[in-house]
Every structure is written in C-alpha cells, then in structure tokens.
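Now for the letters of each chain:
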Amino acid sequence: MIPINRPWIDNEEKQEVIKVLDENALTSASRNGGKRVQEFESSLRTFLNVKHAISVNSGTAALHAALLALDIKTGDEVLLPSFTFVATANSVIASGAKPVFVDINTKDYTIDLHDLKRKISKKSKAIIPVHLYGHPSDLCELNEIANQYSFYIIEDACQSLGSLYKNKQTGTFGTMGCFSMYASKVLTAGEGGAIVTNDDKLADTLKMIRNHGMVEGYDTQMLGLNYRLPELSAAIAKIQMKKLKTILNLRRQNSLLLSNLLETIISKYNIKIPEEDQIKKFNWYLYTLAFNNPNNITLRDYIKKKLIENGIGAAVYYDPPVHKTPFYQKFSMNNDLQNTNWSSKHVLSLPVHPGVTEMDIQNMVNILKRELQNIL
Ligand SMILES: *Cc1c(COP(=O)(O)O)cnc(C)c1O
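Reading the values: the criteria
Residues numbered from 1 in each chain as written. Predicted model: local features only at pLDDT ≥ 70, side-chain atom pairs only at ≥ 80, totals over all residues. Heavy atoms only, no water. Near = heavy atom within 4 Å. Polar contact = N/O pair within 3.5 Å; in protein donor to acceptor, adjacent residues only side chain to side chain. Areas by Shrake-Rupley, 256 points an atom, 1.4 Å probe, with all protein chains shown as cover. 1 Å grid on protein atoms, 1.4 Å probe; cavity = no way out; pocket = protein on both sides within 12 Å on 5 of 7 lines; lining within 4 Å. Sits in = over half its atoms within 2 Å of the grid points. Salt bridge = Lys/Arg side-chain N within 4 Å of Asp/Glu carboxyl O. Helix = DSSP H or I, 4+ residues; strand = E, 2+ residues; numbered from the N terminus. Buried < 20%, exposed > 50% of the residue type's maximum accessible area, 1.4 Å probe, protein only. Pairing = 2+ DSSP bridges. Contact = heavy atoms within 4.5 Å. Axes fitted to C-alpha atoms, helices over the stretch in contact; angles between N-to-C directions. Expected span 1.5 Å × (residues − 1). Arc of directions from axis to C-beta. Phe/Tyr/Trp six-rings, centres within 6.5 Å; stacked < 30°, edge-to-face > 60°. Points joined across faces, edges and corners; volume = space filled by probe spheres on them. Nonpolar A, V, L, I, M, F, W, Y, C, P; charged D, E, K, R; others polar.

Of all residues adjacent to the ligand, which total 16 residues, the nearest are G59, T60, D156, S180 and K185. Side-chain polar atom of T60 to an oxygen atom of the ligand: 2.5 Å apart, as the coordinates give it. Contact distances for the ligand include 2.8 Å between a nitrogen atom and a side-chain N or O atom of D156. Across the complex, the protein chains shield 94% of the 380 Å² of accessible surface that the ligand would expose by itself. A majority-of-atoms criterion places the ligand in the largest pocket.

Overall, the coordinates contain 25 salt bridges when judged by the stated rule. D319 serves as the salt-bridge partner of K345, at 3.0 Å between the closest nitrogen and oxygen. With K345 in helix α12 (residues 338-346) and D319 in the loop between α10 (299-309) and α11 (326-329), this residue pair connects regions lying 26 residues apart in the sequence. According to the relative accessible area criterion, K345 is partly exposed, its value standing at 42%. Accessibility expressed as a relative area gives 33% for D319, which makes it partly exposed. Look at the salt bridges and you will find they share partners, linking E16, K19, E23, R36, E39 and K238 into a network.

Another aspect to go through is the sheet that holds strand β10 (residues 271-272). Reading across from one edge, β10-β12-β13 is the order of the three strands in this open sheet, with antiparallel pairing throughout. Edge strands, defined here as strands with exactly one partner in the open sheet, are β10 and β13 (347-350). In this structure, strand β12 (residues 287-291) lies alongside β13, joined through four bridges in antiparallel fashion. Of the residues in β13, the one forming a bridge with A290 is V347. Along the sheet face, helix α9 (residues 244-266) touches β10, β12 and β13 and points at about 15° away from the line of β12. Strands β12 and β13 of the sheet are contacted by α12, whose axis makes an angle of about 100° with β12.

Here we come to helix α2 (residues 35-48). Here α2 is 14 residues long and its end C-alpha atoms lie 20 Å apart, about the 20 Å a rise of 1.5 Å per residue gives. Turning to α2, its buried residues are R36, V37, F40, E41, L44, F47 and L48. Considered in projection along α2, the buried side chains sweep an arc of 130° and stay on one side of the axis. The first or second residue beyond α2 is N49, which carries a positive phi of 60°.

With the rule as written, the count across this model stands at ten aromatic pairs. For the ring pair F101 and Y328, a centre distance of 5.9 Å and an interplane angle of 70° mean the geometry is edge-to-face. You can see F101 sitting in strand β3 (residues 98-102) and its partner Y328 sitting in helix α11, a full 227 residues away along the chain. A relative accessible area of 1% means that F101 is categorised as buried.

Attention now moves to the side chain of R251. Within the fold, R251 resides in helix α9. Look past the residues within four positions of R251 in its chain and what remains in contact with it is N5, V186, N283, W284, Y285, V352, H353 and P354.

All right, on to the layout of surface pockets then. By volume, the largest pocket is sized at about 370 Å³. Together, 24 residues line the largest pocket, and F85, S180, Y182, K185 and Y318 are the ones closest to its centre. Elements represented by at least two residues in the lining of the largest pocket include exactly α3 (59-69) and α4 (87-95). It is α3 that provides the largest number of residues to the lining of the largest pocket, a total of three residues. Of the residues that constitute the lining of the largest pocket, the class distribution is eleven nonpolar, ten polar and three charged. Volume-wise, the second largest pocket comes out at about 200 Å³. Along its surface, the second largest pocket is lined by F47, G162, S163, L164, Q169, K245, L248, N249, R252, K281, F282 and N283. The dominant element in the lining of the second largest pocket, judged by the number of residues it contributes, is α9, at four residues. In terms of residue class, the lining of the second largest pocket is built from four nonpolar, five polar and three charged.

Structural data, given as structure tokens:
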C-alpha cells in the first residue's frame, strides 16, 4: 500500500537521536530550550526568513499558545474555516473563545472572503486562515480586512511549510504562523510544532507559555502549560530541515507529473485538479482532486474505494467537516457552509510524497482511467 503520506527518515536522523540519548539530554526546561531545539528553531527561522521561531510539542499546542499570547478568551470570537483538521477549532475552544465557522471557496478550498466579511462582529478578535493542502489563503486580502477591523491573523500553516504567497513563505504574513511536525506532515519530528512571528514581545510571551508561564523558573507570570518540544523530536526535525528543499522538489515533481497524466481525462469526467497561479505556489502537501460529476454523487467514495483496493492510499480531508462532528454540532452556530459541505463530499487526495515513484503515479492514473471508464 502506498500511504497518503509517509515520513522520510534516513540514517542521519537516527544518528542524531542516538546522540541525544548518549548525551542524556532528553529535554530542557530552560527558557530557550535545549541544544537541538535551538538548532531547529534557527534553521526554521532562516528557511522562513522570519525573526522568531518558538518550537512546541504539537501544531495544536502552537495554535493554542498563539491564542493565549494574544489574550484571546471567553467572550471573544475567532473566525476560521470548518473545512480543516479539528485541531484548529479545538484550540479556539481551549482558549475559551467561540469559533465562528466561515465557508471556503471551491477554487482552492481556503477561507472565503465574502462569507468572512459577513461573519465579522464586534466580538471578532482574530481570524485563523488555514492553508489547506498547502494552498495559501488569500493573504493580501485577509491582511486588508484584518487592518480594517483591527483583528489579528493567526495563520494555520500546519500543512503549508514551504508554500509561497507572492514569493514569501506562508506562516510569515500574520501576527503569528503555526506549524506542525506530526508524522504525516511535510517535515516531521513524530510530534511537534512551532510558532513563528516577527514581534519581539509575542516571542517572549510564547516562550513563557510553552514553559508554564515561567521566565527564570518557579516564577509563573501568566498561564502557560508544558508545550516544550523534547530534544529527541527536535533532533529529528533539525536533520529533516536539511532535506526540506529536496522534499519540496520531489513533491512538486510528482504533482506536476500527475497533473500532466490526468490532463486527457479531466474535462471528460469533470475532474478538478489543483492549480497554482502567479501568486500562490504550493508545497504539494496533498494533491487533491474534486469529482464534479452531477450524475454520480457518490463517485468520489467509489473511486477512493477502488484506489485503496489497488494499493493506493487515497484519502479524504475532511469528511465530516468540523461543524458536522458530534461535539461541534452541539453548538447551534450559523452553519450555512455550502462550499464546505460540497467539498467534503467531492474531494479526494492522492499520495505525492517523496516515497512515491514515477511508476506509482503512472499506475495511479491507469487505475483512475479504468475505473472511471467502467462506471461512467
Ligand atoms: C496537523 C494539523 C494541525 C495540528 O497539528 P498537530 O501537530 O497534529 O497537533 C492543525 N491544523 C491543521 C490544518 C493540521 O493539518
């Protein structure tokens, strides 16, 4: 089976992990963290061209820490898409604020600007655009709206490490940007995350939040938690950073080949493929198709099943969308999210990670062609 994503671990990561074990330096509760934490943060800063990077132990922790750093709390509202991994919304709930779900556009599945404007209220404190599948949200327009209504932007860049908007890294446009190093992500530490910002004061606050609100130790100044990244994870992440450019190139190569091979069938079968434009460049974290055939509404599920039967780990992100999960359904929120609902039933992601070969892609396309021909 070719999984939808798979970590790419070499000997160098293993050696670095062993070094951490040998040095008996598993973690550090000092303000700036351990040696590997600092080395990883430094290379992330350089890659993103941003002033501060604060590593934490998950993308969820990164989002929650960002909200805490802005003092977002009960009574506040945070605008975010429902078409995302549930962590985005959970971090808002954890802060005490109310998540207000905004619809997406069906061009690239990022937050819809018209629906966003409709949902802004006096209580809106922040917006969390999600660069889903590695597709950058409309960051220029979002910055304008944020300035106009004076609220913060926390970018959920957990899926978009390496994606560019106007040649600038996603995660570096907002007040803060949040990244994840979960096992399936473009760059992995097993578990891990980071917040990046150009704001010195927020960087200081974030370092406190990841360490129980302490500065020197046992001097808690604000609410913080244990969000520290262990040295073992930082060791993996640090080495992964060295091959990030290679990872991104291989993903791009695979995705462009896939698009080329699909060219002949997309209009025949009403398939929408992901397309970059002059402004948005993808990291190709997920290659996501949409099956838009009006005569066969369960086509997506059928094709997914056939691909899996043939060893291709096709996957759906996300069905259900957050607002339709049992926990979030309990909030009777304004949930007229047409494009979200449509997308959750029509999208399908295919593997394009560095472990996928040219032959795998050829095979994927052949299966797709065969199955579509059979059923339509
Ligand atoms: C992975 C992910 C997260 C959470 O990251 P974890 O490291 O798993 O906590 C948040 N948002 C999005 C969009 C993600 O894909």
